[in-house]
Amino acid sequence: MNMLYGRPGSMSGLVLRIGQCFFAASSIGMMVFASEVPINRTFRYLVASMGLQILWSFALACVDMQALRLRRNLLHPILLSLFVVGDWVTSLLSLAAASASGGVVLLYARDLNYCSSILNPPCTKFEISVALAFISWFLLAISSYVMFWLLCSV
């Protein structure tokens with residue numbers, strides 16, 4: 001059970017955390033490039049949630065790099081419980097922000113016809129940003145699932 005993909009202190013865990021950072025940063029970047037129009041609160045929540053995810057994933061990527069460099073085992077129950085709680089909190093916040101932002105994008109694009117009423121609409125950038133947020137959340141969900149099973153097995 002200790003050889004799960006994405007466990008802390010392994011190369012797969014490091015790749016998972018770097019992917020989370022990359023997609024969360026890309027989501028924020030697309031939202032920044034779409035700043036021609038005023039951004040509502042939902043998109044601000046997405047940016048804040050992805051910022052928190054970047055900080056959390058980057059910190060754990062640094063821990064994974066250090067563990068790989070020093071060949072340390074990170075399967076201690078206290079560390080795993082910290083990782084589980086942190087992953088669950090950031091996962092729930094990211095899912096809520098991505099879902100709410102996706103709903104607002106659908107409202108703008110299909111119901112209000114906002115995207116067809118102005119010149120050069122940023123709706124495509126909003127859609128890409130939400131898609132990247134969902135990819136980042138999916139990677140974080142994998143990580144939180146692995147952490148939960150590792151905590152149960154230790």
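Residues numbered from 1 in each chain as written. Predicted model: local features only at pLDDT ≥ 70, side-chain atom pairs only at ≥ 80, totals over all residues. Heavy atoms only, no water.

### What to know about the nonpolar core
Met31, Phe43, Leu46, Met50, Val105, Phe126 and Ala133 are the most contacted members of the largest nonpolar core, which totals 15 residues. Take this core: its biggest share by element is 5 residues, from helix α3 (residues 77-111). With 9 residues, the next largest nonpolar core counts Leu60, Leu80, Val146 and Met147 among its residues. (Core = buried A, V, L, I, M, F, W, Y, C linked by side-chain atoms within 4.5 Å. Buried < 20%, exposed > 50% of the residue type's maximum accessible area, 1.4 Å probe, protein only. Helix = DSSP H or I, 4+ residues; strand = E, 2+ residues; numbered from the N terminus.)

### Thoughts on the packing of aromatic side chains
Per the counting criterion, the structure on display carries 6 aromatic pairs. Here Phe43 and Phe126 contribute two aromatic rings whose centre-to-centre distance is 4.5 Å and whose plane-to-plane angle is 25°, an arrangement assigned as stacked. Here Phe43, found in helix α2 (residues 41-70), pairs with Phe126, found in helix α5 (residues 123-153); they are 83 residues apart in sequence, far enough to count as distant. With respect to class, Phe43 is no different from Phe126; both count as buried. One aromatic cluster in this structure is built from Trp88, Tyr145, Phe148 and Trp149. (Phe/Tyr/Trp six-rings, centres within 6.5 Å; stacked < 30°, edge-to-face > 60°.)

### A look at empty space enclosed by the protein
A complete count under the given rule lists 1 cavity of 30 Å³ or more for this structure. Its volume calculated, the largest cavity comes out at about 30 Å³. Forming the walls of the largest cavity are Gly6, Arg7, Pro8, Gly13, Arg17, Leu60, Asp64, Phe83 and Met147. Listing elements by their share of the lining of the largest cavity, those giving two or more residues are α1 (11-33) and α2. Per-class residue counts for the lining of the largest cavity are 4 nonpolar, 2 polar and 3 charged. (1 Å grid on protein atoms, 1.4 Å probe; cavity = no way out; pocket = protein on both sides within 12 Å on 5 of 7 lines; lining within 4 Å. Points joined across faces, edges and corners; volume = space filled by probe spheres on them. Nonpolar A, V, L, I, M, F, W, Y, C, P; charged D, E, K, R; others polar.)

### Focus on the pattern of salt bridges
Pairing between side chains of opposite charge can happen when the charged atoms of each approach one another. Tallied over the full model, the rule gives 1 salt bridge. Close ionic contact of Asp87 with Arg17 constitutes a salt bridge, the shortest N to O distance being 2.9 Å. One end of the pair, Asp87, is in helix α3; the other, Arg17, is in helix α1, and 70 residues separate them in sequence. Here Asp87 falls in the buried class, since its relative accessible area comes to 0%. On the accessibility criterion, Arg17 (2% relative accessible area) is buried. (Salt bridge = Lys/Arg side-chain N within 4 Å of Asp/Glu carboxyl O.)

### Points about the packing of α1 against α2
Between α1 and α2, the least distance of the axes is 8 Å, while the angle of their chain directions is 155°. Comparing the axis directions of α1 and α2 gives the class roughly antiparallel. Where α1 crosses over α2, the handedness of that crossing is left-handed. Classifying every residue of the contact of α1 with α2 gives 19 nonpolar, 6 polar and 2 charged. (Axes fitted to C-alpha atoms, helices over the stretch in contact; angles between N-to-C directions. Parallel < 35°, antiparallel > 145°, perpendicular 65-115°, else oblique. Left-handed = near helix turned anticlockwise from the far one by under 90°.)

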